[in-house]
Each structure stands twice: as C-alpha cells, then as structure tokens.
Amino acid sequence: MAEENQRQADARRRHELARAAAEAEARAAQEQLDAFVARLQAAGAAPEALHATLLNGSRVKTGLVGWYLNRARTLAVAPDGRYYQLVTAGSALARFTGVTPQPSPPTLVIGRGGRDGETGDLADFLARALEDYTS
C-alpha cells in the first residue's frame, strides 16, 4: 500500500482538528444544557410533550418530553440533558404515528451559518427559555 502523501496527511490532520473542536464545543454546550435542566427542575418546571416539525411544516408527536429552547419550537432538551433538533423528514403516516427524533450533539451557537430562522449563542436561548418556563 502506498504511503500517505503530504496532501493527504494535511487533509487528515485538518479533519482530526475539526472533529476535536466539534467534540470540545459539544462538551461545553452539554455543560450549559445540564445546568439549564437542573435549574428548571429546581424551579419545579415540568417538562412538556415535545412535537416535531416535518419538512412540509406539519407538527407531529414524538413521544418525548422536555423543554423547547426556541420560539419556533424546533430545538429542545430532554430531562436527561439530551439535545434534540425537532425538524425532520417524515412520511404521510407520521401525522398519525409520530416520529422518533434522535439526539444531536449540542453546539454553542444555534443556527451557525444559517440565513433564516433564529440564530445566536446557546446561552441566550437558554436564558430566554428559562424565563419562559419559570415565570
């Protein structure tokens, strides 16, 4: 097998650095989410049933409970701290059967690189949601 050339080695190293940075960011964001959940639970804020938005705009049940993090209700955190992006594809039957979103690694900046929707620091989203659920 041929040895890795310099260009391939540089590309592999950039990929490793990007992955390490994303993992570090996810750990830092998870700490914020865990603190948010603890504050909500200490305040007695009960989690609510979470719904997802299908790509066609329909809202469907998920079987999950938690707290929404944004006004569009497309981001949420479960009582165990798992982070969910609640925009998903779904079949026509999803209106009746619901969907099962998978948790995502959290980020410190919501909507990074997006041109539409809400964007900003995770801490700002958590502060707004905390106020909404505890006032």
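Reference entry: report on the structure contained in this document. (Residues numbered from 1 in each chain as written. Predicted model: local features only at pLDDT ≥ 70, side-chain atom pairs only at ≥ 80, totals over all residues. Heavy atoms only, no water.)

1. Let's talk about the packing of aromatic side chains
Item 1. Under the definition given, this model contains zero aromatic pairs.
Item 2. Between the NZ or CZ atom of Arg128 and the centre of the ring of Phe125, over which it lies, the distance is 4.8 Å. (Phe/Tyr/Trp six-rings, centres within 6.5 Å; stacked < 30°, edge-to-face > 60°. Lys NZ or Arg CZ within 6 Å of the ring centre and 35° of its normal.)

2. Quick look at the nonpolar core
Item 1. Core analysis: the biggest nonpolar cluster contains 17 residues, and Leu33, Phe36, Trp67, Leu69 and Val77 have the highest contact counts within it.
Item 2. Looking at this core, the elements with two or more residues in it are α1 (6–42), β3 (75–77) and α3 (122–134).
Item 3. The residues contacting Leu69, other than those within four sequence positions of it, are Leu33, Phe36, Leu75, Ala76, Val77, Tyr83, Phe125, Leu126 and Ala129.
Item 4. Counting 12 residues, the second-largest nonpolar core is a separate cluster that includes Leu50, Ala76, Tyr84 and Leu86. (Core = buried A, V, L, I, M, F, W, Y, C linked by side-chain atoms within 4.5 Å. Buried < 20%, exposed > 50% of the residue type's maximum accessible area, 1.4 Å probe, protein only. Helix = DSSP H or I, 4+ residues; strand = E, 2+ residues; numbered from the N terminus. Contact = heavy atoms within 4.5 Å.)

3. Quick look at the pairing of strand β2 (residues 59–68)
Item 1. Pairing between strand β1 (residues 48–54) and β2: five bridges, direction antiparallel. Across the sheet, the residue bridging to His51 is Lys61, located in β2.
Item 2. Turn length for the β1-β2 hairpin, with the two strands adjacent in sequence and antiparallel, is four residues, and the turn residue Gly57 shows positive phi of about 95°.
Item 3. Relative to β3, β2 is paired through two bridges, and the arrangement is antiparallel. Paired with Trp67 across the two strands is Val77, which belongs to β3.
Item 4. In textbook terms, the turn of a hairpin is the stretch between consecutive antiparallel strands, and for β2 and β3 this stretch comprises six residues, one of which, Arg73, has a positive phi near 60°. (Pairing = 2+ DSSP bridges.)

4. A word on the pattern of salt bridges
In a structure, side chains of opposite charge can pair up when their charged atoms sit close to one another.
Item 1. Throughout the structure, instances matching the rule amount to six salt bridges.
Item 2. Ionic pairing is found between Glu16 and Arg12, a salt bridge with its closest N-O pair at 3.0 Å. Here Arg12 and Glu16 lie together in helix α1, a separation of four residues that amounts to about one turn.
Item 3. By relative accessible area, Arg12 is classed as partly exposed at 38%. (Salt bridge = Lys/Arg side-chain N within 4 Å of Asp/Glu carboxyl O.)

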